Amino acid sequence: MARILQINSSARAGGESSRLADAFVERWLAAHPEDVLVRRDVGREPLPHLDEATLGAFFTPSEGRDADQQARVVLSDRLIEEVRAADILVLGVPMYNFTIPSTLKAWFDHIARAGLTFRYTETGPQGLLLGKRVYVFIARGGVYEGEADTQVPYLRQMLGFLGLTEVSFVLAQGLGMGGGVAEKARQAAFAQTIDLVAGSGG
Ligand SMILES: Cc1cc2nc3c(=O)[nH]c(=O)nc-3n(C[C@H](O)[C@H](O)[C@H](O)COP(=O)(O)O)c2cc1C
């Protein structure tokens, strides 16, 4: 039995990235019916941005936190517990203004905490979220390759920093383009969700 944590970050109900991530999870659960899904939609129920008081709470050792600081770390602790408990992480990611949505960035800001999800060592930072597989489903209006693509490198870096190095990406690009480009991209991306599940032994 594996635990799946799915994080969708489209602001829209039925966003293309959410539909891709949902299709993957649905197929995964059909192939692995014993697996358990926890789903969070940070696009439609956004997390608060970090502020000075919350950062202060993060950096205060738990025994020294006052009541307000204790309350401020509850959400971050819960999000970290969710990702720690997961064997598989599924991210639905729209492109907003050339990068990931700020709502997904806020999720990373809440789960990246020294001593909990990464630590500093003599040789540099070390991720602590080990042994997990990540599947990322990206939807974009345009087409971005190489250096123009800021999402895939950022996500690889951020996930890798936390120890999440086994990452597969599915990109639906050109969804805002005409001439059949969007439909072709959509179909290719949905076909990849099937291949990924089949490749997992499902
Ligand atoms: C606020 C906003 C910003 C966007 N910025 C970009 C962009 O920079 N580049 C791009 O190719 N598409 C952009 N798009 C188009 C989206 O990437 C596209 O509609 C995609 O399907 C969004 O994912 P979703 O359907 O899961 O919400 C933007 C859309 C919105 C709503």
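Our structure's up above, just so we're on the same page.
**Student:** What's the story with the overall build of the protein in this structure? I'm lost.
**Tutor:** Along the protein, the regular secondary structure elements total six helices and seven strands. Counted from the first residue to the last, the protein has its helices and strands arranged as β-α-β-α-α-β-α-β-β-β-α-β-α. What you see for the protein is a C-alpha radius of gyration of 18 Å, in line with the 17 Å of a compact globule of 202 residues. In terms of overall dimensions, the protein has a C-alpha envelope of 60 × 40 × 35 Å along the principal axes. Going through the 202 residues of the protein one by one, you find that 47% of them count as buried. Carbon and sulfur atoms make up 53% of the accessible area of the protein, which totals about 10100 Å².

**Student:** Can you help me understand the sheet that holds strand β2 (residues 36–41) in this one?
**Tutor:** Strands pair in a sheet through their backbones, by hydrogen bonds, and they do so in one of two ways: parallel or antiparallel. In space, the five strands of this open sheet follow the order β2-β1-β3-β6-β7, with parallel pairing throughout. This sheet does not close on itself; its edge strands, each paired only once, are β2 and β7 (166–172). In this sheet, adjacent strand axes meet at a mean angle of 15° when their direction is disregarded. The pairing of strand β6 (residues 133–139) with β7 spans seven bridges and is classified as parallel. Looking at the pairing, alanine 139 lines up with alanine 172 of β7.

**Student:** Mind showing me how you'd approach helix α6 (residues 181–199) here?
**Tutor:** Residues lying three or four places apart along an α-helix face the same way, a consequence of the helix completing one turn every 3.6 residues. Between its first and last C-alpha atoms α6 spans 26 Å; for 19 residues at 1.5 Å apiece the expected length is 27 Å, and the two agree. Residues Ala182, Ala185, Arg186, Ala189, Phe190, Thr193, Leu196 and Val197 constitute the buried set of α6. Seen from one end, α6 has its buried residues packed into an arc of 130°, which puts them on one side. Exposed residues lying more than 90 degrees from the buried face of α6 are Lys184, Gln187, Asp195 and Gly199. Close packing links the buried residues of α6 with α1 (16–31), β6 and β7.

**Student:** Would you explain the pattern of salt bridges in this entry?
**Tutor:** Pairing between side chains of opposite charge can happen when the charged atoms of each approach one another. What the rule picks out here adds up to 11 salt bridges. Here arginine 19 and glutamate 16 are joined by a salt bridge, their closest N and O atoms 3.8 Å apart. Of the two residues, arginine 19 and glutamate 16 both sit in helix α1, three residues apart, roughly one turn of that helix. The partly exposed category is assigned to arginine 19, whose relative accessible area is 38%.

**Student:** Explanation requested: unusual backbone geometry in the structure shown.
**Tutor:** For residues besides glycine, phi is generally negative; the peptide bonds are generally trans as well. A positive phi angle, close to 50°, is found at asparagine 97, a residue other than glycine. One can find asparagine 97 in the loop between β3 (88–94) and α4 (102–111). Even without being a glycine, phenylalanine 98 presents a positive backbone phi close to 75°. With respect to the secondary-structure elements, phenylalanine 98 resides in the loop between β3 and α4.

**Student:** I tried to follow the packing of aromatic side chains on my own but got confused; where do I start?
**Tutor:** Two aromatic rings are characterised by how far apart their centres lie and by the angle between their planes. Counted by the stated rule, this structure contains nine aromatic pairs. Relative to phenylalanine 137, the ring of phenylalanine 24 has its centre 5.1 Å away and its plane inclined at 40°; by these criteria the two rings are tilted. With phenylalanine 24 in helix α1 and phenylalanine 137 in strand β6, the pair connects residues that are 113 residues apart, well separated along the chain. Overall, the relative accessible area of 1% leaves phenylalanine 24 in the buried class. Under the relative-accessibility criterion, phenylalanine 137 is labelled buried at 0%. Among the aromatic residues, those joined into a ring-pair cluster are Phe24, Trp28, Tyr135 and Phe137. The ring of tyrosine 135 carries the charged tip of arginine 133 above its face, separated from the ring centre by 5.0 Å.

Reading the values: the criteria
Residues numbered from 1 in each chain as written. Predicted model: local features only at pLDDT ≥ 70, side-chain atom pairs only at ≥ 80, totals over all residues. Heavy atoms only, no water. Helix = DSSP H or I, 4+ residues; strand = E, 2+ residues; numbered from the N terminus. Rg over C-alpha atoms; globule rule 2.2 N^0.38 Å. Buried < 20%, exposed > 50% of the residue type's maximum accessible area, 1.4 Å probe, protein only. Areas by Shrake-Rupley, 256 points an atom, 1.4 Å probe, with all protein chains shown as cover. Pairing = 2+ DSSP bridges. Axes fitted to C-alpha atoms, helices over the stretch in contact; angles between N-to-C directions. Expected span 1.5 Å × (residues − 1). Arc of directions from axis to C-beta. Contact = heavy atoms within 4.5 Å. Salt bridge = Lys/Arg side-chain N within 4 Å of Asp/Glu carboxyl O. Phe/Tyr/Trp six-rings, centres within 6.5 Å; stacked < 30°, edge-to-face > 60°. Lys NZ or Arg CZ within 6 Å of the ring centre and 35° of its normal.

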